[in-house]
Amino acid sequence: MSGLGGKILGCIRPYRWRFVGALAQIFLISVFAVLEPWPLRLVIDTVLGGKPVDFLPGSETWPKLWLAAALCAALVLIVLGSGALNLVYNWLAIGLGQRMVNDLRARLYAHLQRLSLAFHSRQKVGDLMMRITADSFAVQTMVMNGLLPILQSIVMLAGMLLVMIPIDPLLTAVSLTVVPLLIGLIFVFNRKIDTVATTARDTDSQVYSLVHWGMTSIKHVQAFTKEDEEHRRFMAASGAALHAHRLLYFWQGAYSGVINGVVAAGSALVIFVGARDVLNGTLSVGELVLFTTYLARLYVPVNQITQSWGLIAGARIGAARCFEILETEPDLPDGTLDFPPEGAKGRIEWQGVGFRYRADTPVLRGIGLAVEPGQTVALVGATGAGKSTLLGLIARFFDPTEGRVLVDGVDIRQYRIKSLRRQVSMVLQPPLVFPLSVADNIAYGRPDATREQIREAARLARIDRMIEGLPQGYDSLVGEAGATFSEGEKQRLTIARALLRDSPILVLDEPTSALDAETEALVMQGIDRLTRGKTTFIIAHRLSTVRRADRILVLKDGIIAESGSFSDLMRCNGLFATLYNTQFAPAEETQIGV
Ligand SMILES: Nc1ncnc2c1ncn2[C@@H]1O[C@H](COP(=O)(O)OP(=O)(O)OP(=O)(O)O)[C@@H](O)[C@H]1O
Ligand SMILES: [Mg+2]
């Protein structure tokens, strides 16, 4: 808790003056609250009872009605003053809370963008969304509904005790008898609420993940008519969340009920002892009224503290979930070297590289490979052989589990990640278009590109005609007003994006898998033109693409099974030749893709 408290204080630090302002308000509000029952007490004791006011010498000679009128006016002023103070306080505290939430969200989002793909492949998107949008509110709850009310209650409690003790120390002591009991109850209940709140959060998160998954895969759900099953799954998760929240409300309700019971018993005891004192003549009626008013208020702060504590207990879970993300160290430590301004030469080498996503299953094993600048290397192999993984290592999406990857003779871990990634243009699997304009989509990797350069890239990727046919051409927003793209169009858009980026290393992961043979041939011409002199990797399943490479690698179960030029591989009559004969040859003859 102390660790979490420190982190929350860290969130307050940028707004410390606002926080100090809120504290000052709290102090003033407490002073007003302590003053509030005084006019009534004076009306009863001095106006009605004729008792002189000890701190107002000569008050017994004042005209009674005027004194009553003045006291009533004072009462109104006190209430108005405390109302105004509350308004200012709320404005300050809400501003403080909202700013803290905003900061925390920004930090979370920025941090999530920096964490590696290895991290993201372990996380559920819905869970992360929940942490950013909902859990981040916990810092506001903890400060606004937790810390500040507790401080306010402590100040108020201290103020009332200061007034009560001189009047009747015994009665004050009686009012405090239930406090240890209350504190004991707080701890017992909080422990229970803590566990129940954690379960509730987790089940909420499950629902988020399920909805996210369901919405992103809606087409598949409908295609397989799995709506009912998905609905059942959702209802199960939603039902679990409902149950967890009902349990949480039950415990929170039980908590307030028990606390209220204890408070009522305490009040009864004080009224009884106070009434006895008035009968004995040791306490005035006005003082008993003052006491009972304070008593009702004395339990407000104590109650407030206990309830705030409950809120803090619930919010702690959310806050902890946020800080857990912030404390996840980026598992890709950044290097310090930069590539020269003219870019990398493009020599890439894998030395004894092994990689595994999960400890028990090696995906790549003992990869040794050197690619010279300007070479074009084609990768073929069965699905799941590790092709995408092998190429992902170049951009440090992951670090190898064993061995190292070098660019221009230097271990890539020594380069700054940004500088390294700037050397690589990628067409990734599956193709992705952003909800931006078509022009911004193509210029995603090179925002300073001119419209002419964007058009040229689109032309080379053979997507120019399609774009020009859109209602607003290059300015059409993707996904709006008819600007929807088929898989093949998306692929060509991502190819245009990679071509425009114009980096010395090009990684094309099945860039043309959704294109017909004729379009593919045209697109490949464009790619060829722009990849001259660049180190290019292309994963492909089609002979026409594979054949033009300087070198072909056949990947099988995470190892390089064969490597050489097309004619070399055909000559040695191994895996590639078999693949060619069963898969590529008919495709070449009929020009129909695999
Ligand atoms: N994020 C991940 N977490 C765990 N395992 C993964 C992850 N990505 C890929 N894998 C596994 O690693 C292996 C290699 O995957 P990879 O994507 O490199 O194959 P590939 O050769 O590119 O296949 P394809 O031709 O289907 O694209 C597969 O068995 C896959 O299940
Ligand atoms: Mg792949």
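Scroll up for the structure.
This report concerns the structure included in the present document. Note that this is a predicted model, so its numbers are computed, not measured.

## A look at the side chain of D464
- For D464, the position within the fold is in helix α17 (residues 464-468).
- One buried charged residue, D464, forms no salt bridge at all, with the nearest opposite charge on R459 at 5.0 Å.
- Other than its neighbours up to four places away in sequence, D464 contacts A458, R459 and Y474.

## Here we look at the pattern of salt bridges
- Overall, the coordinates contain 27 salt bridges when judged by the stated rule.
- Measuring nitrogen to oxygen at the nearest pair gives 3.0 Å for the salt bridge that ties R321 to D127. One end of the pair, R321, is in helix α12 (residues 285-326); the other, D127, is in helix α6 (residues 125-135), with 194 residues separating them in the sequence.
- Assessed through its relative accessible area of 8%, R321 is described here as buried.
- For E349, the salt bridge goes to R347, with nearest N and O atoms at 2.8 Å.

## Comments concerning the layout of surface pockets
- Quantified by volume, the largest pocket comes out at close to 2300 Å³.
- Lining the largest pocket are 47 residues, and of these Q113, L117, F397, F434 and Y444 lie nearest its centre.
- Secondary structure elements with two or more residues in the lining of the largest pocket: α4 (64-114), α5 (117-122), α6, α9 (178-216), α14 (417-422), β6 (424-427) and α18 (487-501).
- Broken down by element, the lining of the largest pocket gets its largest block of residues, 6 residues, from α18.
- Within the lining of the largest pocket, the residues separate by chemical class into 27 nonpolar, 11 polar and 9 charged.
- What the second largest pocket holds in volume is close to 330 Å³.
- In this structure, the second largest pocket is lined by 20 residues; those nearest its centre are I29, N86, Q152, M156 and Q304.
- At the level of secondary structure, the elements contributing two or more residues to the lining of the second largest pocket comprise α2 (16-35), α4, α7 (137-167) and α12.

## Notes on the sheet that holds strand β2 (residues 361-371)
- If you trace the 4 strands from one edge of the open sheet to the other, you get β2-β1-β4-β5, paired in antiparallel fashion. Across the chains shown, the open sheet's two edge strands, defined by having one partner strand only, are β2 and β5 (410-411).

## Digging into the site of ligand 1
- Neighbouring ligand 1 are 14 residues, the closest being T383, G384, K387, S388 and T389.
- Between ligand 1 and G384, the relevant distance is 2.8 Å, taken from an oxygen atom to a main-chain nitrogen or oxygen of the residue.
- Here an oxygen atom of ligand 1 sits 3.2 Å away from a polar atom, N or O, in the main chain of A385.
- Of all the elements in the fold, those that place two or more residues in the shell around ligand 1 are β1 (348-358) and α13 (387-392).
- Looking at the shell around ligand 1 element by element, the count peaks at 3 residues for α13.
- Considered class by class, the residues forming the shell around ligand 1 number 4 nonpolar, 7 polar and 3 charged.

## Let's talk about the packing of α18 against helix α19 (residues 517-531)
- Where α18 contacts α19, the axes come no closer than 11 Å and their chain directions differ by 10 degrees. In terms of orientation, α18 lies roughly parallel with respect to α19. On α19, the residues that touch R492, I495 and L499 of α18 are T519, V523, I527 and L530.
- A per-class count over the contact of α18 with α19 returns 5 nonpolar, 1 polar and 1 charged.

About the criteria used
Residues numbered from 1 in each chain as written. Chains lettered and ligands numbered in written order. Predicted model: local features only at pLDDT ≥ 70, side-chain atom pairs only at ≥ 80, totals over all residues. Heavy atoms only, no water. Helix = DSSP H or I, 4+ residues; strand = E, 2+ residues; numbered from the N terminus. Buried < 20%, exposed > 50% of the residue type's maximum accessible area, 1.4 Å probe, protein only. Lys, Arg positive; Asp, Glu negative; His and termini not counted. Salt bridge = Lys/Arg side-chain N within 4 Å of Asp/Glu carboxyl O. Contact = heavy atoms within 4.5 Å. 1 Å grid on protein atoms, 1.4 Å probe; cavity = no way out; pocket = protein on both sides within 12 Å on 5 of 7 lines; lining within 4 Å. Points joined across faces, edges and corners; volume = space filled by probe spheres on them. Nonpolar A, V, L, I, M, F, W, Y, C, P; charged D, E, K, R; others polar. Pairing = 2+ DSSP bridges. Near = heavy atom within 4 Å. Polar contact = N/O pair within 3.5 Å; in protein donor to acceptor, adjacent residues only side chain to side chain. Axes fitted to C-alpha atoms, helices over the stretch in contact; angles between N-to-C directions. Parallel < 35°, antiparallel > 145°, perpendicular 65-115°, else oblique.

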